[in-house]
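Listed below, chain by chain, are the residues.
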Amino acid sequence: MTYPSTPWILQGYAYQTLQLVDTKSIRTLVPTEMEIYNILPGKTLGGVYLACYGSGSVLEYSELFVAAALVRYAGRLGLFCSHVYVDNADAAAAGREIWGLPTQMADFSWSKTKHVCCRVRQQQRLLCTLEVDWQLLLWQQSLALPSFSANESNLFLFEGEAECRLGLVSARLAVPAQSPLTNLGNSQPWLTICAQSLHLVAYEPKIFVL
């Protein structure tokens, strides 16, 4: 596989759900070296990030990034990524080889006929569906995006800088029982945000040897 060197410039749009996740249910997904940060007793913060990167990006692809928990490591607080799916083979290889992400291939179906909807499938298995009823665009915003990942020998801390038009949306997230994302639970997001006119810069990660 061939893919661009870092930093990556990605442009498009994205949706991020935030929901309470049972700490015990996702403990096995998070390396023991990391402290899971509870925002309520027995509950941490998780969610899914769904993005479509198009014209102007180093690679054009869709992405499903699953944040299993809010964690603390090496004095830094960030979201731990337990699953990643993309529809571009070069992006999948780069995710594994640069950022240490457990990236797999999947199919993304985006629809904007009436409501924004994205369905993500891996072969015949439905991973999740996100449906957006309405969205209220707010203002232009700069964001810092610290995240963690891990493989068998290393932990990775990577950061991105984003510029976007931020918005609030009403959304429903459906995760079927057969999906590997069921550790997120069946609770609906308590907050979903959208990032329109997204300009994201993804840098090379900092690596910690286990």
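In this report, the structure presented in the accompanying data block is examined.

Parameters at a glance
Residues numbered from 1 in each chain as written. Predicted model: local features only at pLDDT ≥ 70, side-chain atom pairs only at ≥ 80, totals over all residues. Heavy atoms only, no water. Core = buried A, V, L, I, M, F, W, Y, C linked by side-chain atoms within 4.5 Å. Buried < 20%, exposed > 50% of the residue type's maximum accessible area, 1.4 Å probe, protein only. Helix = DSSP H or I, 4+ residues; strand = E, 2+ residues; numbered from the N terminus. Contact = heavy atoms within 4.5 Å. Salt bridge = Lys/Arg side-chain N within 4 Å of Asp/Glu carboxyl O.

## Some remarks on the nonpolar core
Judged by nonpolar contacts, the single largest core of 37 residues is most densely connected at Leu64 and Val120. Of all elements in the fold, only strand 1 (8–22), strand 3 (43–53), strand 4 (61–73), strand 5 (76–86), strand 8 (116–122), strand 9 (125–150) and strand 10 (154–174) reach the threshold of two or more residues within this core. Discounting chain neighbours no more than four positions away, the residues touching Leu64 are Val48, Tyr49, Leu50, His83, Val84, Tyr85, Phe108, Val120, Cys128 and Leu181. Core analysis: the next-biggest nonpolar cluster, separate from the first, contains 26 residues, Trp8, Cys81, Trp99 and Ala162 among them.

## Digging into the pattern of salt bridges
Following the criterion strictly, the structure yields five salt bridges and no others. Across the salt bridge formed by Arg119 and Glu131, the nearest N and O atoms sit 3.9 Å from each other. With Arg119 in strand 8 and Glu131 in strand 9, this pair connects stretches of sequence that are 12 residues apart. Of the residues examined, Arg119 reaches a relative accessible area of 37% and is grouped as partly exposed. Judged by relative accessible area, Glu131 falls into the partly exposed class, the value being 26%. Between Asp133 and Arg172 there is a salt bridge, with the nearest N and O atoms lying 2.5 Å from each other. Remark: Arg172 occurs in strand 10 and Asp133 occurs in strand 9; sequence separation between them is 39 residues. When its relative accessible area of 38% is taken as the criterion, Arg172 is described as partly exposed. Several salt bridges converge on common partners, so that one network encompasses Arg119, Glu131, Asp133 and Arg172.

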